[in-house]
Amino acid sequence: MAKLSHLEKEYIKANHKNKTADELSKKLEKDKELIEEYINNLQNKNDKKTSEEDKKNNVVKNLFKKIFFEDKEKSEPIYKKYSIKPYRLSKIDFIFATVSFLFAFFLYLFTLTPSLSAGDNGELTTAAYFLGVGHAPGYPFYTLMSKLFTYIPFGNIAWRTNLFSGTCAAISTIFFYLIMAKVLGQNRIERGFSPIVQIPALLSSVAFAISDNMWAQATMAEVYSLNILQIASMLLILVYWFEAVWKHANDEIAYYGSKYLMAFGFLYGVALANHHVTLPFAFAPLLFVGIVLFLIHKDRYIEHIETSFISIFVFLFLLFIGGFGYYRFIMNYEAYLYFPAGVASNDSIFSILFKPFSNPDIIGDIFTALANGSYLRPDMIQNLKAPFYPTLYKGLFLVLWALFLVLAWCLIYRYLLCKIDKFNKDNDFITGISITYYKMLLMLAVGVMIYAYMPIRARALPPLNWGQLNEPSGWENLSYLFSMIHRKQYGTSGNDIAAVFILHPEQVSALINIFKTQLTSLGLLFLIPGLFQIFKKNKFIGIFSAFGLLSFSISLMAYTNPPPSVRTLSFVEVFFLPATLYMMVIIGF
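Residues numbered from 1 in each chain as written. Predicted model: local features only at pLDDT ≥ 70, side-chain atom pairs only at ≥ 80, totals over all residues. Heavy atoms only, no water.

1. Let's talk about the overall build of the protein
From N to C terminus, the protein includes 26 helices and zero strands. Burial statistics for the protein: of 589 residues in total, 51% are counted as buried. The long-range share in the protein, meaning contacts at least 24 apart out of those at least 6 apart in sequence, stands at 78%. Of the accessible surface of the protein, which amounts to about 29400 Å², a share of 65% is contributed by carbon and sulfur atoms. (Helix = DSSP H or I, 4+ residues; strand = E, 2+ residues; numbered from the N terminus. Buried < 20%, exposed > 50% of the residue type's maximum accessible area, 1.4 Å probe, protein only. Contact = heavy atoms within 4.5 Å. Areas by Shrake-Rupley, 256 points an atom, 1.4 Å probe, with all protein chains shown as cover.)

Here it is in structure tokens:
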């Protein structure tokens, strides 16, 4: 049989994909079987080469799978390995919740402060009655809600606002009872009364109601009773979300429980408009949501893990730029949010967002100051190439563009990249989780909009009007508002005690004393069997509660960094009410 020459082989190699073996045979005047044999050899070589390249490219991918993904043949999905059946609340649960509420309400009612007390009581009462603006951060949500109680037709104004605190604290016991009942009752088939569900839930809610700080804050006009009500409601939503996600884990379409998380985000935004002690509370829920969604949905996208790396890089990069821009230009430099001479403070949002693209000097200044905060000081501002572009505008530029690009990536992925064969036909789990977080962020922004009350109401010049929000105009008013929200009038907090790792040993001791005051030494002893039982009953709730307690307590103590004196600790101990709530969840088991 005649052999193919080098030129003939090159011709076949270049044209075998576009022409049939018959056409090549006629063109080269060679035997068809000879040409088919050479084409088969070419294809085998290409397949082998492709296989070797894929093997090299998938080393990191396979290593990631080995670490984070279990072999489906060896291990069943986590939602089958840990069976969690939602507990449906019954009439008996609502009866017990009502008992908890009535006990707490009448306890607080009969021990209510008859008039004004020490601290911020007088100021918050005045703000509620006149719809004024309190000291930083203004407490707009508390002011609006407590105003409703000033219309009660009996008792003095101070007593009425005190009653608002007592009512919020009593309602929070309802939510706390429901949380405990839902968690304790998981995987129970029968409904109705059970001594291992209703009794521990009721005792836990009553114990929380009579804890030292909870009882004290429920009898006076303060923001902490409303704050604990908001946190309890968010935790209850999180329990419902967890049960729903586990229930729908095996659905054909990935279920993220967005409606629950959007409600959580909105309530969290509203809570931020009440008191900033809500900030460290976010650590545990955000991590809990991400881990649960990852564990449930990871097997759906095991063959498309590379798309997840693309998504997580995009989201983390934009989160860093937007978050660090907010921290650098807005949060830490309200004092320098001035408007240079010749710069109007009523520029449009379009001018703020697009002007830097028309002037490279502005872009250069943004990243110069982003890398070195000293350029934002008045004595350094002249070193920038475009000092006429206000600091506030720099922050808004980075934050708003980062949020917009996150949304743009979600849309590009869903409606463009998902149609490319290389990418997953559905959202990868990183994109899916990130879209869920983005929805939460949007709802949080809606909740935080309650702060708009402050500049609006300040224009009416109420008797109590902190922050001079009625004086500036345009975007300059926003700079005053940020200064109020970030509590910059207080300066730096804490002392010069150097921490050992995170906390100073004296602060660890102070933290233990705070909890001992709330629950007594006997109550703290129940933490150990409580931890054992909660991990035995539900590892996920156990990890969440333990991490929530530690992350909240340690981060708050590290941030406030209080001197270990009795006077200072008596001032900051009320901030740890949410930590007491976590402890009561553990002890309740």
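Back to the text.
2. As for the nonpolar core
Y108, W241, F242, F281 and F576 are the most contacted members of the largest nonpolar core, which has 116 residues in total. In terms of residues, this core owes the most to one element, helix 12 (residues 224–247), which gives 16 residues. Contacts of F576, omitting those with residues within four sequence positions, involve L511, I514, F515, F552, S553, L556 and M557. (Core = buried A, V, L, I, M, F, W, Y, C linked by side-chain atoms within 4.5 Å.)

3. Description of a nonpolar patch on the surface
Together, F283, L287, I291, L531, F535, I543 and F547 line one region of the surface with nonpolar side chains, adding up to about 590 Å² of accessible area. Those elements that provide at least two residues to the nonpolar patch are helix 14 (283–297), helix 23 (527–537) and helix 24 (539–560). Residue contributions to the nonpolar patch peak at three residues, all from helix 14. For I291, the location among the structural elements is in helix 14. Overall, I291 belongs to the partly exposed group, its relative accessible area being 43%. (Patch = residues over 30% accessible without salt bridge, like charges linked within 9 Å, V, L, I, M, F, W, Y side chains within 5 Å. Salt bridge = Lys/Arg side-chain N within 4 Å of Asp/Glu carboxyl O.)

4. Describing the packing of helix 24 against helix 26 (residues 577–587)
Following both chains from N to C, one finds helix 24 and helix 26 inclined at 155°, their axes separated by 9 Å at the closest point. The pairing of helix 24 with helix 26 is recorded here as roughly antiparallel in orientation. Note that helix 24 runs across helix 26; the crossing there is left-handed. For the pair formed by helix 24 and helix 26, the contact residues are F544, S545, A546, G548, L549, F552 and S553 on the first element and P578, A579, Y582, M583, V585 and I586 on the second. Residue composition of the contact of helix 24 with helix 26, by class: ten nonpolar, three polar and no charged. (Axes fitted to C-alpha atoms, helices over the stretch in contact; angles between N-to-C directions. Parallel < 35°, antiparallel > 145°, perpendicular 65-115°, else oblique. Left-handed = near helix turned anticlockwise from the far one by under 90°. Nonpolar A, V, L, I, M, F, W, Y, C, P; charged D, E, K, R; others polar.)

5. Notes on the side chain of T143
When you line up the elements, T143 lands in helix 8 (residues 140–149). The class of T143 is buried, set by a relative accessible area of 1%. A distance of 2.7 Å separates the side chain of T143 from the backbone oxygen of Y139, its partner in a polar contact. Beyond its immediate chain neighbours, meaning those up to four positions away, T143 contacts A127, A128, L131, G132, G138 and Y453. (Polar contact = N/O pair within 3.5 Å; in protein donor to acceptor, adjacent residues only side chain to side chain.)

6. Thoughts on helix 16 (residues 349–358)
Looking only at helix 16, the buried set comprises I352, L353 and P356. For helix 16, the buried positions fall inside an angular range of 90° around the axis, keeping them on one side. Opposite the packed face of helix 16, turned more than 90 degrees from it, sit the exposed residues F350, F357 and S358. (Arc of directions from axis to C-beta.)

7. What about the side chain of S165?
Structurally, S165 is set in helix 9 (residues 157–184). From its side chain, S165 meets the backbone oxygen of M220 in a polar contact 2.7 Å long. S165 has contacts with Y142, Q217, A218, M220, A221, E222 and S225, leaving out every residue within four places of it along the chain.

8. What to know about the packing of helix 7 (residues 121–130) against helix 8
In a pair of packed helices, the angle between the axes and the distance between the axes together describe the arrangement. Where helix 7 contacts helix 8, the two axes come as close as 8 Å, and the packing angle between them is 70°. Classified by the angle between their axes, helix 7 and helix 8 sit roughly perpendicular to one another. Crossing of helix 7 against helix 8: the hand is right-handed. Contacts between helix 7 and helix 8 pair L124, A127, A128 and Y129 from the former with Y142, T143, S146 and K147 from the latter.

9. Quick word on the pattern of salt bridges
Evaluated as defined, the whole model comprises one salt bridge. Notably, a salt bridge pairs E243 with K182, separated by 2.7 Å at the nearest N-O pair. Linking E243 in helix 12 with K182 in helix 9, this pair joins segments that are 61 residues apart in sequence. Pair check on accessibility: E243 and K182 agree, each one buried.

10. A short note on the packing of aromatic side chains
This model, assessed by the stated rule, comprises 27 aromatic pairs. Seen from their ring centres, W241 and F288 are 6.0 Å apart, and the 70° between their planes marks the pair as edge-to-face. Placement of the pair is W241 in helix 12 and F288 in helix 14, with a sequence separation of 47 residues. Its relative accessible area of 8% is what places F288 among the buried residues. Summarising the aromatic geometry, the rings of F242 and F288 are spaced 5.6 Å apart at their centres and angled 40° between planes, so their arrangement reads as tilted. Of this pair, F242 sits in helix 12 while F288 sits in helix 14, placing them 46 residues apart in sequence. In this structure, F242 and F288 share a single accessibility class: buried. (Phe/Tyr/Trp six-rings, centres within 6.5 Å; stacked < 30°, edge-to-face > 60°.)

11. Observations regarding helix 8
For helix 8, the full list of buried residues reads P140, F141, Y142, T143, S146 and K147. Check the buried side of helix 8 and you find it contacts helix 7, helix 9, helix 12, helix 13 (258–272) and helix 20 (453–458).

12. Quick notes on the environment of T150
Its place among the elements puts T150 in the loop between helix 8 and helix 9. Sequence separation between T150 and Y129 is 21 residues, and the spatial gap between their C-alpha atoms is 6.4 Å. For T150, the contacting residues outside a window of four places in its chain are Y129, I157, R160 and T161.

Worth remembering: the numbers are spatial, not functional.
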